[in-house]
Amino acid sequence: FETSEMVAAFVASTPLLSESWRLCTSAAATAPRNFVTEGGGGVVYVAFPGVEMVAASTESNWRKLVAFDSIGDVAVFSARRNKEGHEPVMVHAGMLNLFSTVFDPFRNQMLTMLGNTNTKSIVITGHSIGGATASLCALWLLSYLHHISSSVSVLCITFGSPLLGNGSFSRAILRERWAGNFCHVVSKHDIMPRLLFAPITPYTAQLNFLLQFWQLSMTVPGFRNLAVPISDQLKELFNFVNRCLDAATQEGEGSAPVLFHPFGSYLFVSSEGAVCVDSSTAVIKMMHLMFASGSPASSFEDHLKYGDYVKKLSLQFLHQKDSVQGNIPDSSYEAGLELAVQSSGLANQELDIEPAKECLKMTRRMGPSPTMNAAILAITLSKVVPYRAEIQCYKAWCDQQVDQMGYYDLFKSRRSISKMAMKVNMNRHKLARFWNNVIEMLERNELPHDVAVREKWVNASQFYKLLVEPLDIAEYYGKGTHTTKGHYIEHGRERRYKIFDRWWKDKMATMEENNERRSTFASLTQDSCFWARVEEAREWLNSVRSEIDTSKVALLWDNIEKFEKYAMELIDNKEVSQDVLARNSSYSTWVEDLRGLRELKAKVKRFPHDFNPFLDGEVIP
């Protein structure tokens, strides 16, 4: 089926568009440089008006991009290892600056709303440049809710919003699986969402005029009824933007680099209906096709007609208007394409019909569907289960050895150089490749959006992490990598484990607290980084023997005692496997060393005159 028109009809059937636009209109009238908030029934709406942005439209920075890593103290996107040559995530400088002027009150308002247990969903909306502010606010909120593992849902709806960031920005939103949280409503001829495709520095004066005209039309009663005076310069602006859009859609010769890229879903609206497109390339093509069918006057006036379009969409849905005109194609997919072209308002533009169909076909997913990919991946998972089982057998074998070193230390020391150990090491790498592929498919949107919350995959990833990460840690410290790169948790941990931590944390946040205590030790230590913490604690213990700076000694002891308390809680709760308590494990050895150091420290305090402060080259703190 061709779904672009079906999705648009579904969105129009909800009160989201009408309520969002009503709040945008209210914000323009009552809070032209702030925002308005309205809530009820568990849904909170936050609306930003379209405001004049002189700072963004000056000659020096109309198309200026700046790096975008964090907002306040919250990192916007998950940390990734940037490949050499990849451009950084960047956003429009002027719009980021405008956002910073409202961020503090917005954050305070959101924290208050999130403190209310009745808040289930937050809809952030904005018109014109206010749409860009709304998008940045939504990004901060999504990042913050992800950080605190909140289940509150977020949707951002913009009307006639300009583009915001570069290609890396668009891809980062896709990787975080947030594209579905953004719906950009763009009318057939509105010039504002298309402006940033053009280097319009020579038209700065005309742009400032339009911004002021639009603002007055939204804030002053009756001003909107005045027609935009179309000068020759404004006609040139329209034609220039149209040519730049055309160049952005070309391939090979005649193409132009695209500085700003679309992100999220785009709901293109016209008098005939609406279509929903989520492919960045298809969005740019639809922007051009629809814009080229207009005129200078319609491109400026359309920016103020979103209320009319939203109202008409709602009425069309209520009256079940849509049907394919003319001959109905035999294929349901082709019939859907015909209907989508009609809804886009291009059916009367004979030369645009076929390009519009080709554009909409681009949004059709090629290759297996996400559901099919998930089914295939489940079969692949069953094929890698034997690798996991062999590692489990190796762990059981280690636990039975007479030297009582345990799973972690035997693998680290490589005293178990055998076919079994070599096979386990190969299996470790095979499992890593499998799970890395799962994450990559998820980030490419090749798997269903809910894979990260499906119990089968969350449980499988958690079991893999608890079983295999101790071997990765053993490899890291066994080869001495920590001496050059730093300790494992901060400098060596693979990204997949951090992602699986988040999956498990999200799952636990939705489960009722279980107060039942374990009666036996866990088969796998429930902190997959436990051995990395042991290695850090061993270094602290070694450092405290030789450190002479009393302030550093105090800090080292504080770290040691915190880890000791943490480890004892895990043991008391039986959340460690028995290999942790093996007689010659790294942890047991550390406990003995700590006990010996404390005994020596106590003797020094009791008989200070009997001890030289330097004993065998060691300083006794």
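Here the structure is a predicted model, which means the values were calculated and not measured.

1. Considerations on the confidence of the model for the protein
Point 1. When the pLDDT values of the protein are averaged, the result is 84; 86% of them are 70 or greater.
Point 2. Below pLDDT 50 for its whole length, residues 53-59 participates in 19 contacts with residues either more than four positions away or in separate chains.
Point 3. Throughout residues 81-85 the model reports pLDDT below 50, and contacts reaching past four residues in sequence, or to other chains, amount to 2 contacts.

2. Points about helix α21 (residues 550-572)
Point 1. Here α21 contains 23 residues, and its C-alpha end-to-end distance of 32 Å stays within 8% of the 33 Å for a straight helix at 1.5 Å per residue.
Point 2. Of the residues making up α21, those classed as buried are Val553, Leu556, Trp557, Ile560, Phe563, Ala567, Leu570 and Ile571.
Point 3. Packed against the buried residues of α21 are α20 (530-546) and α22 (586-606).

3. Concerning unusual backbone geometry
Point 1. At Ser128, a position not held by glycine, the phi torsion is positive, near 60°.
Point 2. You can see Ser128 is positioned in the loop between β7 (121-127) and α4 (129-147).
Point 3. Ser128 sits in the buried class, given a relative accessible area of 5%.
Point 4. Even without being glycine, Arg177 reaches a positive phi, approximately 65°.
Point 5. By secondary structure assignment, the location of Arg177 is in the loop between α5 (167-175) and β9 (182-187).

4. Quick look at the sheet that holds β7
Point 1. An order of β1-β2-β7-β8-β9-β10-β11 is seen for the 7 strands of this open sheet, with the pairing classed as mixed. Pairing within the sheet leaves two strands with one partner each, and these edge strands are β1 (36-40) and β11 (273-277). On average, each strand axis in the sheet is tilted by 20° relative to the strand beside it, whichever way the strands run.
Point 2. Note that β7 and strand β8 (residues 153-159) share 7 bridges and pair parallel. Counterpart to Ile124 in the pairing with β8 is Cys156.
Point 3. Across the sheet, α4 touches β2 (43-48), β7, β8 and β9, and the angle it forms with β7 is around 155°.
Point 4. With respect to the sheet, helix α8 (residues 280-292) is in contact with β10 (265-270) and β11, its orientation differing from that of β10 by roughly 15°.

5. Some words on the packing of aromatic side chains
Point 1. Evaluation of the coordinates by the stated rule reveals 39 aromatic pairs.
Point 2. With 6.0 Å between their ring centres and 75° between their planes, Phe106 and Trp140 make a pair best called edge-to-face. Taken together, the residues span a long stretch of sequence, with Phe106 in helix α3 (residues 93-114) and Trp140 in helix α4 at a distance of 34 residues.
Point 3. Ring plane angle 5° and centroid distance 4.6 Å describe the contact between Tyr408 and Trp531, whose orientation is recorded as stacked. With Tyr408 in helix α14 (residues 406-413) and Trp531 in helix α20, the pair connects residues that are 123 residues apart, well separated along the chain.

6. As for the packing of α21 against α22
Point 1. Running from N to C, α21 and α22 cross one another at 130°; their axes reach a closest spacing of 12 Å. With respect to their mutual orientation, α21 and α22 come out oblique. You can see that α21 and α22 cross each other, and the crossing is left-handed. Two secondary-structure elements touch here, α21 through Trp557, Ile560, Glu561, Phe563, Glu564, Ala567, Met568 and Ile571 and α22 through Tyr587, Trp590, Leu594, Leu597, Arg598 and Lys601.
Point 2. Each residue belonging to the contact of α21 with α22 can be placed in one class, and the counts come to 10 nonpolar, no polar and 4 charged.

7. Remarks on helix α2 (residues 16-30)
Point 1. Taking 1.5 Å per residue as the helical rise, α2 with its 15 residues ought to reach 21 Å, and the 21 Å between its terminal C-alpha atoms agrees with that figure.
Point 2. Listing the buried residues of α2 in full gives Leu17, Ser20, Trp21, Leu23, Cys24, Ala27 and Ala28. Angular distribution of buried residues about the axis of α2 spans 160°; they occupy a single face of the element. Set apart from the buried face of α2 by more than 90 degrees, the exposed residues are Ala29 and Thr30.

8. Section: the pairing of β9
Point 1. The buried fraction of β9 is high, at 6 of 6 residues.
Point 2. Because side chains alternate across β9, one face comprises the buried residues Phe182, His184 and Val186, and the other comprises Cys183, Val185 and Ser187, equally buried.
Point 3. Alignment of β8 against β9, held across 4 bridges, turns out to be parallel. Among the inter-strand pairings, Thr158 is bridged to a residue of β9, identified as His184.
Point 4. Relative to β10, β9 is paired through 5 bridges, and the arrangement is parallel.

9. Some words on the packing of helix α13 (residues 370-399) against helix α15 (residues 419-443)
Point 1. At their nearest, the axes of α13 and α15 sit 9 Å apart, and the two run at 150° to each other. Here α13 is positioned roughly antiparallel relative to α15, judged by the angle of their axes. Considering how the two elements wind past one another, α13 and α15 form a crossing that is left-handed.
Point 2. A breakdown of the residues in the contact of α13 with α15 according to their chemical character gives 15 nonpolar, 4 polar and 5 charged.

10. Observations concerning the pairing of β2
Point 1. With 5 of 6 residues buried, β2 is to be regarded as a mostly interior element.
Point 2. Examined bridge by bridge, β1 and β2 share 5 bridges and lie antiparallel to one another. If you follow Gly39 over to β2, its bridge partner there is Val44.

11. As for the side chain of Glu535
Point 1. Following the sequence through the fold, Glu535 ends up in helix α20.
Point 2. Beyond its immediate stretch of four places on either side in the chain, Glu535 contacts Tyr408, Lys412, Tyr477 and His487.

12. Overview of the nonpolar core
Point 1. Residues Phe68, Phe77, Leu139, Phe169, Ile200, Leu267 and Phe268 are the most contacted members of the largest nonpolar core, which totals 120 residues.
Point 2. A total of 12 residues in this core trace back to one element, the largest contributor, which is α4.
Point 3. Ranked by size, the runner-up nonpolar core spans 66 residues in total, among them Trp435, Ala474, Ala532 and Ile560.

13. A word on the environment of Thr119
Point 1. Tracing the backbone through its elements, the reader meets Thr119 in the loop between α3 and β7.
Point 2. Along the sequence, Thr119 and Ser153 sit 34 residues apart, while their C-alpha atoms lie 9.3 Å from each other.
Point 3. Among all residues touching Thr119, those that are not within four sequence positions of it are Gly42, Val44, Met113 and Val152.
Point 4. A polar atom in the side chain of Thr119 sits 2.8 Å from the backbone oxygen of Met113.

Parameters and conventions
Residues numbered from 1 in each chain as written. Predicted model: local features only at pLDDT ≥ 70, side-chain atom pairs only at ≥ 80, totals over all residues. Heavy atoms only, no water. pLDDT = per-residue confidence, 0-100. Contact = heavy atoms within 4.5 Å. Helix = DSSP H or I, 4+ residues; strand = E, 2+ residues; numbered from the N terminus. Expected span 1.5 Å × (residues − 1). Buried < 20%, exposed > 50% of the residue type's maximum accessible area, 1.4 Å probe, protein only. Pairing = 2+ DSSP bridges. Axes fitted to C-alpha atoms, helices over the stretch in contact; angles between N-to-C directions. Phe/Tyr/Trp six-rings, centres within 6.5 Å; stacked < 30°, edge-to-face > 60°. Parallel < 35°, antiparallel > 145°, perpendicular 65-115°, else oblique. Left-handed = near helix turned anticlockwise from the far one by under 90°. Nonpolar A, V, L, I, M, F, W, Y, C, P; charged D, E, K, R; others polar. Arc of directions from axis to C-beta. Core = buried A, V, L, I, M, F, W, Y, C linked by side-chain atoms within 4.5 Å. Polar contact = N/O pair within 3.5 Å; in protein donor to acceptor, adjacent residues only side chain to side chain.

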